[in-house]
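Okay, here's what each chain looks like letter by letter:
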Amino acid sequence: MTIDSDPLPGTLRAAVLLLRAQAVALGLIAVWLIWSDLTADTTDLTSALLVTAFAVGGAVALWALGGALSRRRAGARAPAIVLQLMLLPVGWFMIEGGMGWLGVPLMALGIGMVGLLVSGPTNRALGFGERPAER
């Protein structure tokens, strides 16, 4: 049994927890969409299935990225950042549509997550940053 003597820095741990929380939230939305698809009187089946599949896929991707980052897989950082940046246009259109109470926090979450993912401690934990000089 090996015990990791170098725990995840707080910024990376927070990013992982927030990615997992987002995955759970999106998973709950996916469950609601599945229920709605099954109980709707009339529906455009293709559109309903695509939206539901997008929600399920997003939840799986967020969960997987959280797991990869918790294992210090540097390649998971860029896709995680892209998914967080996708919250900006979503939040903007929510604000434009009169749902600023939800749009503003979503945008703040996206920006905050990007900050966590590019912070110094996270960079060092994922192996980014200054390399020792070679001779």
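Within any chain, residue numbers begin from 1 and follow the written order of that chain's sequence. Totals for whole chains, interfaces and linings use all residues, but because this is a predicted model, local features are given only for residues with pLDDT of at least 70 and pairs of side-chain atoms are given and counted only at 80 or more. Values reported for side chains reflect all heavy atoms of the structure, with hydrogen atoms and water molecules removed beforehand.

K.L.:
Any chance you could break down the nonpolar core for me, citing the residues and the numbers?
P.N.:
Counting 18 residues, the largest nonpolar core has Leu 12, Leu 19, Leu 69, Ala 76, Ala 80 and Leu 117 as its most contacted members. Helix and strand labels come from DSSP, where a helix needs a run of H or I of at least four residues and a strand needs a run of E of at least two; each type is numbered from the N terminus. Taken together, the elements giving at least two residues each to this core come down to helix H1 (10-39), helix H2 (45-70), helix H3 (77-85) and helix H5 (100-118). At five residues, the largest contribution of residues to this core is made by H1. If sequence neighbours within four positions are ignored, Leu 117 has contacts with Ala 15, Leu 69, Arg 77, Ala 80, Ile 81, Thr 122 and Asn 123. The term nonpolar core refers to a set of buried residues drawn from Ala, Val, Leu, Ile, Met, Phe, Trp, Tyr and Cys, joined through side-chain atoms within 4.5 Å. For every residue, the accessible area (1.4 Å probe, protein chains only) is compared with the maximum for its type, and the residue is labelled buried under 20%, exposed over 50%, or partly exposed between those bounds. Contacts between residues were defined by any pair of non-hydrogen atoms, one from each residue, lying within 4.5 Å.

K.L.:
Which residues make up the side chain of Arg 77, and what values do they have?
P.N.:
Within the element layout of this structure, Arg 77 appears in helix H3. Within 3.5 Å is the distance limit for a polar contact, defined as a pair of N or O atoms, with the added protein rule that one can donate a hydrogen and the other accept it, and that residues adjacent in sequence qualify only through two side-chain atoms. At a separation of 2.3 Å, a polar atom in the side chain of Arg 77 contacts the side chain of Asn 123. In this view, Arg 77 contacts Leu 69, Leu 117, Val 118, Asn 123, Leu 126 and Phe 128; residues no more than four positions away in its chain are not counted.

K.L.:
Before we move on, can you summarise the packing of aromatic side chains with the specific residues and values?
P.N.:
Within 6.5 Å between ring centres, the rings of Phe, Tyr and Trp (the latter by its six-membered ring) count as paired, and their orientation is classed by plane angle as stacked under 30 degrees, edge-to-face over 60, tilted in between. On inspection of all chains with the given rule, the structure shows zero aromatic pairs. The rule is short: NZ of Lys or CZ of Arg within 6 Å of the ring centre and within 35 degrees of the ring normal puts a charge over the ring. The residue whose ring lies beneath Arg 20 is Trp 63, and the NZ or CZ to ring-centre distance is 4.1 Å.

K.L.:
Quick one: what's the story with the environment of Gly 127, residue by residue and with numbers?
P.N.:
Mapped onto the fold, Gly 127 is located in the segment after helix H6 (120-125). Since its relative accessible area comes to 40%, Gly 127 is described here as partly exposed. C-alpha of Gly 127 to C-alpha of Arg 73: the two residues are 54 residues apart in sequence and 9.1 Å apart in space.

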